[in-house]
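Chain and residue survey
Below are the chains, spelled out letter by letter.
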Amino acid sequence: MKKLSLFLPLMLILLLFAACSQQKQEEKPAMLEVQLQTPDHIELNKETTLSCIVTYGGEKVNDADEVKFEVWKHGSEKREMLTAKNDGDGKYSVKKTFTEPGTYSVISHVTARNMHNMPKKDIVVGTPSDQPQNHAEEHHGDEHHHADVMMMLHEKQFSVNKEAHLTVHITHDGKPLAGATVRFEVWKDNGKHLFIEASEKQAGQYEAATSFQEKGTYSVKIHVETEQLHEHQVEQITVQ
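The following refers to the structure shown. (Residues numbered from 1 in each chain as written. Predicted model: local features only at pLDDT ≥ 70, side-chain atom pairs only at ≥ 80, totals over all residues. Heavy atoms only, no water.)

Turning our attention to the overall build of the chain. Within the chain one finds 1 helix and 23 strands. A total of 240 residues make up the chain; the buried ones form 37% of that total. Contacts in the chain between residues at least 24 apart in sequence constitute 59% of all its contacts with a sequence separation of at least 6. As displayed, the chain offers around 14,700 Å² of accessible surface, 51% of which is attributable to carbon and sulfur atoms. (Helix = DSSP H or I, 4+ residues; strand = E, 2+ residues; numbered from the N terminus. Buried < 20%, exposed > 50% of the residue type's maximum accessible area, 1.4 Å probe, protein only. Contact = heavy atoms within 4.5 Å. Areas by Shrake-Rupley, 256 points an atom, 1.4 Å probe, with all protein chains shown as cover.)

The following block contains the structure:
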């Protein structure tokens, strides 16, 4: 009986110790999280706010050591590094006016709590109508650019390492554009550009199959050619 009275308290102590140890092992270290907030599409020549929300361990960080936004246009070596202002409640922002259409990359460089985080996002500035036009049509050598060609990419979210079908519906003067040569130009960040030939599934609808080996945001330029025109349009897709 005496041995039992000594054994039970010892067992309780061991159980409590094991529970505390397990709880400590399950606790994850606090991480610096940065939520980059930029529009997917930005209007040309219009002041736009680029911002991010900074948290550490789930709480807003209002005293970050440094927050900067790095911005550059795809295909250009020129990069801007813009210092953000503290808006409070964990938000940091800069204002920028984009004067050239195209696809841009934005990285928010955040240093706080002895940690660094730098999420990245691609954005599209302007629309096909922002390209130089001479009334309804402009000629560049043998190319003819028409403002009345419309392209609509059906699906913009795909899964990594699974077959993805890029499908675009193209109209000209409000009617399906049949018999065109259509290619998808696909790239991620400053990586290699992949050209994929599309086939016409029905009048004005073109499709190509591919797959993505990395998650992230990709740029897709749709090239459309006939004997009378040569058009292109840049879209953004997300691979999860």
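Further notes follow.
Bringing the packing of aromatic side chains into the picture now. Following the criterion strictly, the structure yields 3 aromatic pairs and no others. Seen in terms of ring centroids, Phe98 and Tyr104 are 4.8 Å apart; in terms of plane orientation they differ by 75°. Their pairing is edge-to-face. Given a relative accessible area of 1%, Phe98 falls into the buried group. Ring geometry for Phe158 and Phe212: centres 5.9 Å apart, planes at 35°, overall tilted. A residue pair is termed long-range when its members are at least 10 positions apart, and Phe158 in strand β15 (residues 157-158) and Phe212 in the loop between β21 (205-211) and β22 (216-225) qualify at 54 residues. No difference in accessibility class separates Phe158 from Phe212, as the two residues are buried. What links up through ring pairs into an aromatic cluster is the set Phe158, Phe212 and Tyr218. The residue whose ring lies beneath Arg79 is Trp72, and the NZ or CZ to ring-centre distance is 3.6 Å. Across the ring face of Phe98, the terminal group of Lys96 is positioned such that the distance to the ring centre comes to 5.1 Å. (Phe/Tyr/Trp six-rings, centres within 6.5 Å; stacked < 30°, edge-to-face > 60°. Lys NZ or Arg CZ within 6 Å of the ring centre and 35° of its normal.)

In short, geometric facts, not functional conclusions.
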